[in-house]
Amino acid sequence: GQGGKGAGEPIVPPSSPVSHRQSQIQTANRKSLFATHYSLLALHLAAAFVLPLVRYAVTFSLADTAQGRHVLFQTAPAFAVLLVWGLQETAARVPPALARVYRPLPYLAPVFLLVWSLVQLWYMTWAYHPLLPVTTQPERLPPIAHRLDVSPSPYVTLLGYQTRLEADDRLLSLDLWWRSDAVSPVDYLTYAALVDAQGRPVSEWLGHPAGGRYPTRAWDPGDIIHDTLWLPLGGLEAGRYTLALQLRPTAAQYPPEAEASPLTLQNFDLPESTLPIFETALSLPEMGGLAGFTAWKEGRPIDRPQPFRYRETLAISLPPLPDGYTRQVQMAVDAPAGPRQFDPVLLTATQALFIVGPDWPTGAYRLQVSVTGNRQNSFTATSDVLAEVTDRWNRQFDLPAAGHPLAANFANQVKLLGYDLAANRAEPGGGFPLTLYWQGLDWMGNDYTIFVRLIKNDDLTVHGGRDRLPREWYRTIYWAPGEVVTDPFGVPVDADAPDGIYHLSLGLYREVNGQAVNLPLVQDGQPIDAASVEIGPLKVGRTPPEFLTTGAQPQEQVNQIFGDPPALTL
């Protein structure tokens, strides 16, 4: 007892093999957990870099690749792993007195992430456009009151339709179901009309399918599209009317087979005469007071400014004018470049239909009505803001000040307005900086590729050039009539190009069954036997010997210096 431990000293038991083994297992589990976490993080980081590179290799488009969503969807899981992992490690290291406070944190993190995800889903329900009314499964179609299966053109088939009255019987709603049978070379506008017994249209509609969100050139074969349009009934007398339908190409030039035949759908009986009701008033004192109108968006009256997208239809119902009066109706906007007015695509005695075009700038739009009386006195009234348009394309329509103006018309599709050439000489292996100024002349149903060839003048051999899309990505199928496209690029010169004088041969072509078909040039309204324009002369390398002389013996000595600083001497 004398040599043992002192009283009150703790007795430390010898290390147990079992406890040592448990410690080794816990250490191994912790290392395995760390390895798993690091592996997951490395996978997410690799995906954030590798997947965009793969996308660029497939699309060759920086606009499609350099977008935040391609990284966000991969980094969000990494963020969740790091957050939960960090909270777990923090909770394991806090003092015992605070363990009860920190212990729930790892469980609150997933709850927070779940709530955050639900908030994002709620935000998407109103911040994003609704889904396109498209299906590829015929069995999912609702019952259609009137089945037709008639093809007005080789590209589309009208499966059927149905009608109903809306807005307190002030509108006739027409639901159409189209099926795409082949890729259409043109965009179609849907025209519908109620025709009276004398064959006169008394109520009309004109607009792009699906409110402009799904033009017919984008339809894939097999797509079934549900489209809805509206015909105002205000002011119509009771009686029988005929419902007529037609597809109208937007392009001025299109294949003959794209012409769509008109359709007569059914007879529509209006049991009672309808009185026109107008929600909005225009102050026209010269006409003795107020005149009303109703603006419609997707079958609903507009009582406050509404956003309108490109290709969407804005319908206006108007009161009839007294005899001897005429009326001009426009949508007006105070754009940054100055006031602009746009005419309706369809104007009748009681209707004005506007389609938001590619040249409508961003701004707040008002209805502007100008009335001319029988005494040739005119007066104008302007409404409050009806529509708010955002131009997301930022197209240009102002003609450029090209250094070398041209007017090369390619098949009435594209016009080359001119070009700028920053340098007219280059070395072999170098290039010529060239800027082209194009203008779309029509809606185009094909993609055209630009070809540029560097041709030696003396033997017409090719020693450079390239084929490319305008701006490397802006396909001509997107161009609008009148749109100006500025297209800068470099024309490469072959490394083994011999010294000499050259010119550029430039034109457009489209691929047909794997073969290039050039667009012919048009002069005086007729195509000519030429498909390219020449730009030059250009110089590559040193001056050819045939243009040099070692001993000049002029008859008259001048020694006149030209240029500032001096560039040459005569």
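Structure report, in brief.

Definitions and limits used
Residues numbered from 1 in each chain as written. Predicted model: local features only at pLDDT ≥ 70, side-chain atom pairs only at ≥ 80, totals over all residues. Heavy atoms only, no water. Pairing = 2+ DSSP bridges. Helix = DSSP H or I, 4+ residues; strand = E, 2+ residues; numbered from the N terminus. Axes fitted to C-alpha atoms, helices over the stretch in contact; angles between N-to-C directions. Buried < 20%, exposed > 50% of the residue type's maximum accessible area, 1.4 Å probe, protein only. Contact = heavy atoms within 4.5 Å. 1 Å grid on protein atoms, 1.4 Å probe; cavity = no way out; pocket = protein on both sides within 12 Å on 5 of 7 lines; lining within 4 Å. Points joined across faces, edges and corners; volume = space filled by probe spheres on them. Nonpolar A, V, L, I, M, F, W, Y, C, P; charged D, E, K, R; others polar. Polar contact = N/O pair within 3.5 Å; in protein donor to acceptor, adjacent residues only side chain to side chain. Phe/Tyr/Trp six-rings, centres within 6.5 Å; stacked < 30°, edge-to-face > 60°. Lys NZ or Arg CZ within 6 Å of the ring centre and 35° of its normal. Salt bridge = Lys/Arg side-chain N within 4 Å of Asp/Glu carboxyl O.

1. Focus: the sheet that holds strand β13 (residues 306-308)
Logical step 1: The strand order across the open sheet built from five strands is β13-β20-β19-β15-β16, with neighbouring strands paired in mixed fashion. The sheet terminates laterally at β13 and β16 (338-342), the two strands that pair on one side only. Averaged over neighbouring strand pairs, the angle between their axes works out to 40° when direction is ignored.

2. Some thoughts on the environment of V329
Logical step 1: As for its placement among the helices and strands, V329 is situated in strand β15 (residues 326-335).
Logical step 2: A relative accessible area of 1% means that V329 is categorised as buried.
Logical step 3: V329 sits 23 residues away from A352 along the chain, and the two C-alpha atoms are 7.2 Å apart.
Logical step 4: Ignoring anything within four residues of it in the chain, the contact list for V329 reads L318, F342, D343, P344, L347, A352, F354, L367 and Q368.

3. Some remarks on the layout of surface pockets
Logical step 1: Of the voids in this model, the largest pocket is the one considered here, and its volume is about 920 Å³.
Logical step 2: For the largest pocket, the lining is made up of 30 residues, of which H129, R309, Y310, R311 and W393 are closest to its centre.
Logical step 3: At the level of secondary structure, the elements contributing two or more residues to the lining of the largest pocket comprise β13 and β20 (378-389).
Logical step 4: With three residues, the top contributor of residues to the lining of the largest pocket is β13.
Logical step 5: Tallied by class, the residues present in the lining of the largest pocket amount to 13 nonpolar, five polar and 12 charged.
Logical step 6: Reported here for the second largest pocket is a volume of approximately 640 Å³.
Logical step 7: What lines the second largest pocket is a set of 35 residues, among which L233, G234, G235, L236 and T274 lie closest to the centre.
Logical step 8: Those elements that provide at least two residues to the lining of the second largest pocket are β6 (201-207) and β11 (289-297).
Logical step 9: The greatest single-element share of the lining of the second largest pocket, amounting to four residues, is contributed by β6.
Logical step 10: Counted by class, the lining of the second largest pocket contains 17 nonpolar, 10 polar and eight charged residues.

4. Notes on the side chain of D487
Logical step 1: With respect to the secondary-structure elements, D487 resides in strand β27 (residues 484-492).
Logical step 2: D487 gets classed as buried once you look at its relative accessible area, which sits at 0%.
Logical step 3: In terms of polar contacts, D487 uses its side chain to reach the backbone amide nitrogen of R471, at 2.8 Å.
Logical step 4: Apart from residues lying up to four places away in sequence, D487 is in contact with L434, T435, L436, W438, I450, R468, P470 and R471.

5. Comments concerning the packing of aromatic side chains
Logical step 1: Inspection of the entire model under this criterion finds 12 aromatic pairs.
Logical step 2: Considering the side-chain rings of F410 and W438, the 6.2 Å spacing of their centres and the 55° angle between planes classify their relative orientation as tilted. Taken together, the residues F410 in strand β21 (residues 404-410) and W438 in strand β24 (residues 431-440) connect sequence positions 28 residues apart.
Logical step 3: Taken together through their ring pairs, the aromatic side chains of Y310, W393, W473, Y474, Y478 and W479 make up a single cluster.
Logical step 4: Positioned above the aromatic ring of Y191, the side-chain terminus of R248 is 3.8 Å from the ring centre.
Logical step 5: One residue, R395, lies across the ring of W393, its end atom 4.3 Å from the ring centre.

6. Overview of the sheet that holds strand β22 (residues 414-421)
Logical step 1: With antiparallel pairing, six strands are arranged side by side in an open sheet as β27-β24-β22-β21-β30-β31. Looking at the sheet topology across the chains shown, the edges are occupied by β27 and β31 (526-527).
Logical step 2: By the bridge criterion, seven bridges tie β22 to β24 in an arrangement that is antiparallel. Along β24, the bridge assignment pairs K415 with Q439.

7. What about the environment of W360?
Logical step 1: In this fold, W360 is placed in the loop between β18 (351-355) and β19 (363-372).
Logical step 2: Taking the C-alpha atoms as reference points, W360 and R395, separated by 35 residues in sequence, lie 9.5 Å from one another.
Logical step 3: Setting aside residues up to four positions removed in sequence, W360 forms contacts with M331, F342, F354, I355, Y365, V389 and D391.

8. Structural notes on the pairing of strand β29 (residues 515-518)
Logical step 1: Taken together, the four bridges between strand β28 (residues 500-512) and β29 define a ladder with antiparallel strand orientation. Paired with E511 across the strands is A516, a residue of β29.
Logical step 2: In this structure, the hairpin formed by β28 and β29 is closed by a connection of two residues, where N513 is found at a positive phi of approximately 55°.

9. Focus on the pairing of β20
Consecutive side chains along a regular strand alternate between the two faces of the sheet.
Logical step 1: Relative to β20, β13 is paired through three bridges, and the arrangement is parallel. Bridged to F308 within β20 is V389.
Logical step 2: Pairing analysis gives nine bridges linking β19 to β20, with the strands arranged antiparallel. Counted as the bridge partner of V371 is F379 from β20.

10. Observations concerning the pattern of salt bridges
Logical step 1: Inspection of the entire model under this criterion finds 17 salt bridges.
Logical step 2: Notably, a salt bridge pairs D467 with R453, separated by 2.7 Å at the nearest N-O pair. Residue D467 is found in strand β26 (residues 462-468), and its partner R453 is found in strand β25 (residues 449-456); the two are separated by 14 residues along the sequence.
Logical step 3: The partner of E472 in a salt bridge is R466, with the nearest N and O atoms 3.3 Å apart.
Logical step 4: Taken together, the shared-partner salt bridges connect R466, R468, E472 and D487 into one network.

All we've got here are geometric facts, nothing functional implied.
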